[in-house]
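# Examining the three-dimensional arrangement
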Amino acid sequence: MRMLYTYVDTPVGDLLVAGDEGALRLVSFPTGKMRRRPESEWVEDARPFKAARQQLREYFAGARQRFDLPLEPVGTPFQRHVWAELRRIPYGRTRTYAELAARIGRPRAMRAVGTANGANPLPIVVPCHRVIGADGSLTGFGGGLPAKRLLLDLEGALPRNDTHPERVAPKRK
């Protein structure tokens, strides 16, 4: 499989999107602990990502609540199970790690769910940002907490007890 990639300009910075001719495999923030860069053998080509780029733009414009893209994230069966459940969290809603664990039938696996959530290679499209702490706090996020805060704020789902007022300012066009 030949990996292709391009970038999408968004309010959280230039997102790296990568995959092959048939499916999206990676979305990466420009900052944060899960930031990825194109590997040397990857080929820059925006053509296969026309729909992904359009849908991401629509999402950030408030005109899209759900993504309809072919996805092929690489992960363990458990991770893929968690990621499938993430896609069921409605736009504008959040779940706790405990709720997510219960929904996949593993109510005691909150830490494992958190680890799988953190390994999600398709943030935003597979909305791991919608998972919050039991007390409503924003917890770790591969793109950084300011990006998570912006995404939840965009969706009208920012927890009321979020005590961190800093925000990622949308980029001016």
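Preceding block: the structure.
Rules used in this analysis
Residue positions are given per chain, counting from 1 as you read along its sequence in written order. Local features in this predicted model are restricted to residues whose pLDDT is 70 or higher, and side-chain atom pairs enter the listing and the counts only when it is 80 or higher, whereas totals over whole chains, interfaces and linings include all residues. Remark: hydrogens and water are excluded; side-chain values derive from all non-hydrogen atoms of the structure. Type-normalised accessible area, obtained with a 1.4 Å probe on protein chains alone, sets the label of each residue: buried when under 20%, exposed when over 50%, and partly exposed for intermediate values. Counting from the N terminus, the helices are DSSP H or I runs at least four residues long and the strands are E runs at least two residues long. As used here, the arc belongs to the directions running from the helix axis to the C-beta atoms. We call two residues in contact whenever any of their non-hydrogen atoms come within 4.5 Å of each other. Working definition of a nonpolar core: buried Ala, Val, Leu, Ile, Met, Phe, Trp, Tyr and Cys residues. They are joined through side-chain atoms within 4.5 Å. Fitted lines through C-alpha atoms serve as axes, helices being fitted only where they are in contact, and the angles separating the N-to-C directions of these axes extend from 0 to 180 degrees. Oblique is the label for any angle not covered by the other classes, which are roughly parallel (under 35 degrees), roughly antiparallel (over 145) and roughly perpendicular (65 to 115). In the scheme used here, Gly and all other residues not listed as nonpolar or charged are polar, with Ala, Val, Leu, Ile, Met, Phe, Trp, Tyr, Cys and Pro taken as nonpolar and Asp, Glu, Lys and Arg as charged.

Among the residues making up helix α2 (residues 77-86), those that are buried are Q79, V82, W83, E85 and L86. The arc enclosing the buried residues of α2, seen along the axis, measures out at 160°, which places them on a common side. Close packing links the buried residues of α2 with α3 (97-103), α4 (110-118) and β6 (131-132).

Our next topic: the nonpolar core. Note on soluble globular proteins: their nonpolar side chains tend to be buried together. Of all hydrophobic cores here, the largest spans 37 residues; its most connected members are L24, L86 and I124. Elements with a minimum of two residues in this core: β1 (4-10), β2 (13-19), β3 (24-28), α1 (50-60), α2, α3, α4 and α5 (145-154). Ranked by residues supplied to this core, first place goes to α1 with 4 residues. The next biggest cluster of nonpolar side chains, apart from the first, holds 6 residues, and it includes M3, A18, L26 and W42.

So, on to the packing of α2 against α4. Running from amino to carboxyl end, α2 crosses α4 at an angle of 80°, the nearest separation of the two axes being 9 Å. The angle between the axes of α2 and α4 places the two elements in the roughly perpendicular class. Together, F78, Q79, V82, W83 and L86 of α2 and A112, V113, A116 and N117 of α4 make up the contact between the two elements. Its residues placed into classes, the contact of α2 with α4 shows 7 nonpolar, 2 polar and no charged.

Honestly, it's all geometry; don't read function into it.
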